[in-house]
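What the coordinates show
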Amino acid sequence: MAIDDATWSGLSTPAARWTPGRRFFKPDADPGDVLVAEVAGVVAGYVKLGTPSPLASGSHVLEIQALAVAPAQQRRGVGRDLLAAAIEAATERGARRLTLRVLATNAAARRLYSSMGFEVEGVLRGEFLIDGSYVDDVLMAARVGDRPNRAL
Ligand SMILES: CC(C)(COP(=O)(O)OP(=O)(O)OC[C@H]1O[C@@H](n2cnc3c(N)ncnc32)[C@H](O)[C@@H]1OP(=O)(O)O)[C@@H](O)C(=O)NCCC(=O)NCCS
């Protein structure tokens with residue numbers, strides 16, 4: 001929550017800032033969905049996986065629901081390591097697709113995702129009104145898992 005608070009901005013999320021008393025884990029959350037990066041024993045960042053669809057037909061898809069690195073630890077490869085760990089975890093869980101949404105204005109995150117194999121699959125034009133400007137939401141996805149499947 002401290003990292004979310006420190007990295008919160010209109011570039012990183014369309015959501016409101018954490019309010020006091022808000023819990024990181026909702027009651028039905030699985031802590032195993034959150035991977036944590038540590039530097040010298042201190043949490044430096046985290047990535048959260050989730051399932052975008054409750055349907056069995058969409059069970060091969062996992063989603064990155066959050067990624068953040070503490071400001072003091074940024075630009076040292078932590079974000080890239082977290083993303084690599086998320087791809088590995090998604091593969092271990094049998095996923096074929098890993099998806100995410102990123103604000104069009106978040107150049108740092110978009111560069112990171114592109115460099116890790118995520119491709120733009122769609123753009124929701126003017127999806128969010130942030131600080132008085134309409135901002136596109138960019139849908140990205142990467143193919144994960146090692147089983148061949150021509151349909152994906
Ligand atoms: C996006 C974020 C997770 C990147 O974490 P990080 O640990 O700094 O990233 P890394 O050091 O692993 O950098 C990997 C690549 O991302 C890109 N990148 C990261 N920060 C960047 C910046 N400030 N400007 C431009 N590119 C950047 C670069 O391509 C970089 O590779 P390079 O260092 O070889 O040039 C971090 O900036 C962050 O927490 N931002 C706030 C929260 C957020 O926006 N989350 C994503 C929501 S969709």
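Residues numbered from 1 in each chain as written. Predicted model: local features only at pLDDT ≥ 70, side-chain atom pairs only at ≥ 80, totals over all residues.

Tallying secondary structure elements over the protein gives three helices and six strands in all. Start at the N end of the protein and walk to the C end: the helices and strands fall as α-β-β-β-α-β-α-β-β. Against the globule reference of 15 Å for 152 residues, the protein gives a C-alpha radius of gyration of 16 Å, in line with a compact fold. Viewed in the frame of its principal axes, the protein has a C-alpha envelope of about 45 × 40 × 35 Å. The buried share of the protein, reckoned over its 152 residues, is 18%. (Helix = DSSP H or I, 4+ residues; strand = E, 2+ residues; numbered from the N terminus. Rg over C-alpha atoms; globule rule 2.2 N^0.38 Å. Buried ≥ 20, exposed ≤ 12 C-beta atoms within 10 Å, placed from the backbone.)

Moving on to the pairing of strand β5 (residues 119-130). Within a regular beta strand, the side chains point alternately toward one face of the sheet and then the other, so they alternate between its two faces. The element β5 is barely covered by neighbouring structure, given that only zero of its twelve residues are classed as buried. In terms of strand pairing, β5 meets strand β6 (residues 133-143) through eight bridges, oriented antiparallel. Bridging from a neighbouring strand, Phe128 pairs with Val135 of β6. Linking two consecutive strands that pair antiparallel, namely β5 and β6, is a turn of two residues; a positive phi of about 50° is found at Asp131 within it. (Pairing = 2+ DSSP bridges.)

Further remarks concern the site of the ligand. Near the ligand lie 20 residues; those nearest to it are Ser12, Gln74, Gly79, Ala108 and Leu112. For the shell around the ligand, the leading source of residues is helix α3 (residues 107-115), giving six residues. Looking at the shell around the ligand, its residues break down into nine nonpolar, seven polar and four charged. (Near = placed C-beta within 6 Å. Nonpolar A, V, L, I, M, F, W, Y, C, P; charged D, E, K, R; others polar.)

Our focus in this paragraph is the environment of Tyr46. With respect to the helices, strands and loops of the structure, Tyr46 is situated in strand β2 (residues 42-50). Excluding anything up to four places from it in sequence, Tyr46 contacts Ile3, Val34, Leu35, Val36, Ala37 and Ala68. (Contact = placed C-beta atoms within 7 Å.)

The next subject is the sheet that holds β5. Taking strand neighbours across the sheet as the criterion, the six strands line up as β1-β2-β3-β4-β6-β5 in an open arrangement whose pairing is mixed. Whereas interior strands pair on both sides, the edge strands pair on one side only; in this sheet they are β1 (34-39) and β5. Between one strand axis and the next, the sheet turns through 25° on average, direction left out of account. Strand contacts of helix α2 (residues 78-92): β1, β2, β3 (61-69), β4 (97-103) and β6, with the helix running at about 35° to β2, the strand carrying the most contacts. Sitting on the sheet, α3 touches β4 and β6, and the angle it makes with β4 is about 160°. (Axes fitted to C-alpha atoms, helices over the stretch in contact; angles between N-to-C directions.)

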